[in-house]
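As a plain string of letters, each chain reads:
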Amino acid sequence: MQELLVQNVPYLWLLVAGLTLAYSITKWYTITTDKANQSILVRKFPAIGNDFDWKQTKPLRVRPFENQKNFNVNMKIINLAKTPEDWLLIEDTYLEQTRLRKKFTEMYPNHTYFSYDNEITSAAVREFYEIVTNYLLTRYPQYFKYNWWTGMITNQINGLTFPKHSKSDTPSQLILHLAANIEEDIVILLKDNPKDPEGEYIYRAGVSGFPAGFDPSHGYNKPLSYIHGPVPQYPNRLKLSMGKFFNNLKPKDLWVRHNWSIQTHTAYFSLDSNHGRDGEKIKQLRYDEIDFDNSCFLRCERQILTRLPKSKANIMTVRTFLTPIKQIKAEGLGEELCKGIDGLPDDLAFYKKRGAWGEAVKQYLRE
Ligand code: HEM
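Let me begin by describing the structure that accompanies this report. (Residues numbered from 1 in each chain as written. Predicted model: local features only at pLDDT ≥ 70, side-chain atom pairs only at ≥ 80, totals over all residues. Heavy atoms only, no water.)

Within the chain one finds 11 helices and 10 strands. Dimensions along the principal axes, computed over C-alpha positions, put the chain at roughly 105 × 55 × 40 Å. Here the chain, with 367 residues, has 47% of them falling under the buried criterion. The contacts of the chain with a sequence gap of at least 6 include a subset with a gap of at least 24, amounting to 77%. Working note: accessible area of the chain is about 19,300 Å², and carbon and sulfur atoms make up 56% of it. Computed over 48 positive and 41 negative side-chain charges, the separation of the two mean positions in the chain equals 3 Å. (Helix = DSSP H or I, 4+ residues; strand = E, 2+ residues; numbered from the N terminus. Buried < 20%, exposed > 50% of the residue type's maximum accessible area, 1.4 Å probe, protein only. Contact = heavy atoms within 4.5 Å. Areas by Shrake-Rupley, 256 points an atom, 1.4 Å probe, with all protein chains shown as cover. Lys, Arg positive; Asp, Glu negative; His and termini not counted. Charge placed at Lys NZ, Arg CZ, Asp CG, Glu CD.)

Here it is as structure tokens:
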């Protein structure tokens, strides 16, 4: 017996080594998967501090045309995972923007918000809702007060109250609470079959208080490729990379991308006026037809993307900034913006209606 054992020692060692290796691989895999599924947004966020005053906080400086060599459409995503507390911003525009979004959702209910009526969409909306209420309570404790007796949060800036938890309201009501209490629009995307890598993400719920020249309701329950149909260069330059990006998005990720255009009116809400559409004749505006002091803006979006850990929905929040063009000029960025305007390829220039405002805006920026 002893002899048998001695003879088999090398095999026993091999077995032990094999088992140890298998255990280590399983453990490594579990830790890695857990980490990937750990949401960047499910946490206690650092409070912004008592010296923070929303009325004194100027809007984030977003100038996506700056230092660019190529103005074709692209993904251009930047990692925000190191500072997830910068997700939802409260700035001196807060009161006006939340008031406006509340007004637009009341005026245009069919064009501004929706939630597809199925279990997984409702679960995603509820999950997202609680992530946002937790964010507001921990990041901005001076402005959002929780009453554990009533279960309600009071917004000290605009006076509204809304529940901390999602169970007592319908998904649409939850979206309306969010719409009236954060400055960002919301997009919730789900796949019909999450296991199908070819399957597309579908726009299943959200609110668009500030559509930039498109009707959000045309995209309800539609896949991203349909929604981006009017976007020039989408099939060649975006479709594939966007598909890969959304398939690989993890709850630990937080990405930001920006876009820019110019508008010659003051409206945040535009269902149809900012973009050139197929067959449209674009009329060039004379310099004196634009009110550069009061109604010509650089319009930018700050889009933030991640995945929810439980429902696995992909989400995008969209913050709209209107910066007076005279401010861009005062910042000394006139020539840089002219470069961006001239650098737009023809198809994108048409989409952004450069033919209407391009020459007049450049003249203003250069004089
Ligand atoms: C990485 C993600 C995304 C990329 C790279 C992307 C890219 C673009 C680009 C290049 C445009 C043209 C205007 C611009 O310059 O921004 C656009 C327009 C648009 N995008 Fe996206 N997008 C993304 C995600 C989404 C998502 C998740 C939605 C959800 C509904 C969405 C909805 C739209 C809509 C509605 C328009 C306007 C289309 C129109 O003019 O009718 N995008 N997108």
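Let us look at the packing of aromatic side chains. Counted by the stated rule, this structure contains 22 aromatic pairs. Judged by centre distance (6.2 Å) and plane angle (65 degrees), the ring pair of F52 and Y143 falls under edge-to-face. Highlighted residues: F52 in the loop between helix 1 (2-37) and strand 1 (78-79) and Y143 in the loop between helix 4 (119-139) and strand 3 (144-147), separated in sequence by 91 residues. Just as F52 is buried, Y143 falls in that class too. Ring centres of F292 and Y364 lie 4.3 Å apart, and the angle between their planes is 0 degrees; this geometry places the pair in the stacked category. Note that F292 is positioned in the loop between strand 8 (255-263) and strand 9 (297-307) and Y364 in helix 11 (residues 354-366), a separation of 72 residues in sequence. (Phe/Tyr/Trp six-rings, centres within 6.5 Å; stacked < 30°, edge-to-face > 60°.)

The next thing to look at is the coordination of the iron atom of the ligand. Only one protein atom coordinates the iron atom of the ligand: H228 (NE2), located 2.0 Å from the metal. Along the chain, the position of H228 falls in the loop between helix 6 (224-227) and helix 7 (234-248). (Donors = N, O, S within 2.8 Å, 3.2 Å for Na, K, Ca; no water.)

Pairing in this open sheet of seven strands is antiparallel, and the strands run 1-8-9-10-6-7-2 from one edge to the other. Among the strands making up the open sheet, the edge pair consists of strand 1 and strand 2 (113-115). As judged from the three bridges shared by strand 2 and strand 7 (residues 201-207), these two strands associate in the antiparallel manner. Across the sheet, F114 pairs through a bridge with G206, a residue of strand 7. Sheet strands touched by helix 4: strand 2, strand 6 (185-191), strand 7 and strand 10 (314-324). Its angle to strand 6, the strand with the most contacts, is close to 140 degrees. (Pairing = 2+ DSSP bridges. Axes fitted to C-alpha atoms, helices over the stretch in contact; angles between N-to-C directions.)

Note on strand geometry: in a regular strand, side chains alternate between the two faces of the sheet. Burial of strand 4 (residues 152-155) is one-sided: the residues I153 and N155 facing one way are buried, the residues M152 and T154 facing the other way are not. For strand 3 and strand 4, the ladder comprises four bridges, and the chain directions are antiparallel. Directly across from N147, in strand 4, lies its bridge partner M152. In textbook terms, the turn of a hairpin is the stretch between consecutive antiparallel strands, and for strand 3 and strand 4 this stretch comprises four residues, one of which, G151, has a positive phi near 80 degrees. Sheet analysis places strand 4 next to strand 5 (residues 161-163), joined by three bridges and oriented antiparallel. If you follow T154 over to strand 5, its bridge partner there is T161.

So, about the site of the ligand. Residues in close proximity to the ligand total 20 residues, the closest being H228, R257, N259, R277 and Y351. At 2.9 Å from a nitrogen atom of the ligand is found a side-chain nitrogen or oxygen belonging to H228. Contact between the ligand and Y351: an oxygen atom at 2.4 Å from a side-chain N or O atom of the residue. Taken together, the elements giving at least two residues each to the shell around the ligand come down to strand 6, helix 6, helix 7 and strand 8. Taken together, the residues that form the shell around the ligand break down as 14 nonpolar, three polar and three charged. (Near = heavy atom within 4 Å. Polar contact = N/O pair within 3.5 Å; in protein donor to acceptor, adjacent residues only side chain to side chain. Nonpolar A, V, L, I, M, F, W, Y, C, P; charged D, E, K, R; others polar.)

Per the counting criterion, the structure on display carries 19 salt bridges. When the shortest N-O distance is used, the salt bridge between E66 and R61 registers 3.3 Å. One salt bridge in this structure joins R319 and E183, with 2.8 Å as the shortest N-O distance. Taken as a pair, R319 in strand 10 and E183 in the loop between helix 5 (171-181) and strand 6 lie far apart in primary sequence, 136 residues in all. For the pair R319 and E183, one class covers both residues: buried. Because the salt bridges share partners, they merge into one network encompassing K283, R286, D288 and E289. (Salt bridge = Lys/Arg side-chain N within 4 Å of Asp/Glu carboxyl O.)

With that settled, the discussion passes to the sheet that holds strand 3. Taken together, three strands build an open sheet; the order of strands is 3-4-5 and the sheet is antiparallel. Each edge of the open sheet carries a strand with a single partner, namely strand 3 and strand 5. For this sheet, the mean inter-axis angle between neighbouring strands, taken without regard to orientation, is 30 degrees.

Counting residues in each nonpolar core, the largest one holds 47 residues, and the members touching the most others are F246, W260, I262, I325, L337 and V361. Ignoring anything within four residues of it in the chain, the contact list for F246 reads L189, Y201, L224, L305, R307 and N314. Counting residues in each nonpolar core, the second largest holds 42 residues, with W87, F128, F162 and V207 among its members. (Core = buried A, V, L, I, M, F, W, Y, C linked by side-chain atoms within 4.5 Å.)

What follows covers unusual backbone geometry. Positive phi, normally seen in glycine, also occurs at N221, with a value near 60 degrees. Along the chain, N221 falls in the loop between strand 7 and helix 6. We classify N221 as partly exposed; its relative accessible area is 30%. Of note, K312 is a non-glycine position whose phi angle comes to about 65 degrees, a positive value.

Honestly, it's all geometry; don't read function into it.
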